[in-house]
Amino acid sequence: MLKSNQDRKLKHLFDGSDWNVYEPNILNLGVGAPGTDLLAANCDNFRTATDHCLEREKRENQSLIFQYGPTSGTFEVRREISTYFTEMFKSPVNCEDLIITTGATQGLHLVLSTMLDFEGFVFVDEYTYMIALDSIKHFSTLTIVPVKLNDDGVDLRDLEEQVFKRRFQSKKKEFWGLYYTIPSYHNPTGILFSPEVCRGIVQLARKYDFLVVCDDVYNILNYGEKPTHSRLYSYDDRKDADFAGHVISNGSFSKILGPGVRLGWLELPPRLKPILDGSGFANSGGCFNNYTSGIVGSLFELKLAQKQIAVAYEAYKERMLATTQVLRDELPACCKLVIPSGGYFIWVRIPDQLDCREFLKYCLENQKIYFIVGTRFSADGQSGKQFFRLSIAFYPKEKLVDGARRLCNALKDYIAQQ
């Protein structure tokens, strides 16, 4: 048994591993984070926003940014967020519906802790965000139920069948079950859920009274024709006669401003927001990120956030279009490519008789290229060996194009040897 902890003096999340994304001789196509070039403007922008925010605090606000904040976050910050995303989504985001968080992972954890019966069920897409799976598994009494995923989103028939078999009446919490998904530019598959699927999910949630939690972290990263709908949350329409509030939108600035900012928000219907506002989590410390949210509020007020997000958007778009073009042209014909219309990720399928875990070893040895195998995104950790996920977020276009080309050549060689 260890008697002391080792301090490794690491600089970032990817530090200390064999496939550090900052190592120049490694191409890590697995990392879903903005690259160094996209974070470079943050130092100057945040310095300017910090000066702006703190001068106002001294002048007008009794330095209350350093006090326990209101549980939902200050009105001024929530107003800046709601104004920006109302314009981006082309649908209303109401500041009174928002609760500031430290990011989407904390948002999910908070919802699981407060809304869901601990003897209940979490329905997930058969392939889904791996860290969300890790987070859900920490609630060891919850049962995770995978649901089939089609090219246009979750299979509604399978979702209803799985929900119908497990529904019970919770006497302890608001919900007996929860469906977790990423309906806009899905992680890992890149799928954009169709309007029909979005409507169907809301109808099932109302019929069986389960909660839907959407990770809405990629929604504004659209690289093609604008979708007719912006997010699943808007389909839970308050004007409907049977509206009760079954959908939560879980947002974050990690992908568009910087993960280290640790700032996100939950958007909740009226019957659910008081549960979080009144929780011990919120009342113990108030706003989960009062200081940083104030700085980001100034960042939006000064139009610096809008400018930085626009730069990131253009970079991601260029990277996605260039990378998918190489894969479309050079991927072996026996492989299937899902070309996303937005987001961070590309989902590739190789012939079923092959195993991407073995191909990853081959790729690392021969090309020093890393990606994430599909099994990492499955609840059982075994399904999905024929898939792998690539990310376009971290590297500039030239490096991604070269890497995609080398990956395709490695895949051709690997298939030929089997």
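Use the structure listed above.
Since the structure is predicted, the reported quantities are computational estimates derived from the model, not experimental observations.

Draft legend 1. Structural detail: the sheet that holds strand β9 (residues 247-252). On the basis of which strands lie adjacent, the open sheet formed by 7 strands has the order β2-β10-β9-β8-β7-β3-β4 and mixed pairing. The open sheet has two edge strands, β2 (98-101) and β4 (143-147), and neither has a second partner. Neighbour-to-neighbour, the strand axes of the sheet open up by a mean angle of 20°, direction not taken into account. In the sheet, strand β3 (residues 116-125) pairs with β4 via 5 bridges, with the strands oriented parallel. Across the sheet, residue Val124 finds its bridge partner in β4, namely Pro146. On top of the sheet, helix α3 (residues 75-89) reaches β2 and β10 (264-267); it is set at about 110° to β2, its chief contact.

Draft legend 2. Examining the pattern of salt bridges more closely. Applying the stated criterion across every chain, the model contains 24 salt bridges. With a shortest N-O distance of 2.5 Å, Asp37 and Arg319 are connected by a salt bridge. Of the two residues, Asp37 sits in helix α1 (residues 36-39) while Arg319 sits in helix α11 (residues 304-330), which places them 282 residues apart along the sequence. Of the charged contacts, one joins Asp352 and Arg349 as a salt bridge, the two residues approaching to 2.9 Å between their closest N and O atoms. For Asp352, a relative accessible area of 45% puts it in the partly exposed group. The partly exposed category is assigned to Arg349, whose relative accessible area is 28%. Ionic contacts of the salt-bridge type, sharing partners, join the residues Arg206, Asp236, Asp240 and Asp242 into one network.

Draft legend 3. The sheet that holds strand β11 (residues 336-338), seen in detail. Taking strand neighbours across the sheet as the criterion, the 4 strands line up as β11-β12-β15-β14 in an open arrangement whose pairing is antiparallel. Here the strands that pair on one side only, and so sit at the sheet edges, are β11 and β14 (372-373). Strand direction decides the pairing type here: strand β12 (residues 345-349) and strand β15 (residues 387-391), joined by 5 bridges, are antiparallel. Bridging across to β15, Arg349 finds its partner in Phe387.

Draft legend 4. Highlighting the nonpolar core. Phe85, Phe253 and Phe359 are the most contacted members of the largest nonpolar core, which totals 104 residues. It is α11 that contributes the most residues to this core, 11 residues altogether. For Phe85, the residues in contact, after removing those within four places along its chain, are Lys90, Ser91, Val93, Ile220, Phe253, Ile256 and Trp265.

Draft legend 5. Representation of the side chain of Thr101 in the model. Secondary-structure assignment places Thr101 in strand β2. Of the residues examined, Thr101 reaches a relative accessible area of 0% and is grouped as buried. Among the polar contacts made by the side chain of Thr101, one reaches the main-chain amide nitrogen of Trp265 at a distance of 3.3 Å.

Draft legend 6. Region of the structure containing the environment of Pro146. Positionally, Pro146 belongs in strand β4. Judged by its relative accessible area of 41%, Pro146 falls in the partly exposed class. Pro146 sits 251 residues away from Lys397 along the chain, and the two C-alpha atoms are 35 Å apart. Apart from the residues within four sequence positions on either side, Pro146 is in contact with Val124, Glu126, Gln162 and Ala379.

Draft legend 7. Main features of the packing of aromatic side chains. Scanning the model with the defined rule gives 30 aromatic pairs in all. Ring centres of Trp347 and Phe377 lie 5.8 Å apart, and the angle between their planes is 80°; this geometry places the pair in the edge-to-face category. Separated by 30 residues along the polypeptide, Trp347 in strand β12 and Phe377 in the loop between β14 and β15 bring together distant segments of the chain. Residue classification places Trp347 among the buried positions, given a relative accessible area of 4%. The exposure class assigned to Phe377 is buried, which follows from its relative accessible area of 0%. A network of ring pairs unites the aromatic residues Tyr84, Phe85, Phe89, Phe253, Trp265 and Phe300 as a single cluster.

Reading guide: rules and limits
Residues numbered from 1 in each chain as written. Predicted model: local features only at pLDDT ≥ 70, side-chain atom pairs only at ≥ 80, totals over all residues. Heavy atoms only, no water. Pairing = 2+ DSSP bridges. Helix = DSSP H or I, 4+ residues; strand = E, 2+ residues; numbered from the N terminus. Axes fitted to C-alpha atoms, helices over the stretch in contact; angles between N-to-C directions. Contact = heavy atoms within 4.5 Å. Salt bridge = Lys/Arg side-chain N within 4 Å of Asp/Glu carboxyl O. Buried < 20%, exposed > 50% of the residue type's maximum accessible area, 1.4 Å probe, protein only. Core = buried A, V, L, I, M, F, W, Y, C linked by side-chain atoms within 4.5 Å. Polar contact = N/O pair within 3.5 Å; in protein donor to acceptor, adjacent residues only side chain to side chain. Phe/Tyr/Trp six-rings, centres within 6.5 Å; stacked < 30°, edge-to-face > 60°.

Note that all results are geometric; they support no functional claim without further evidence.
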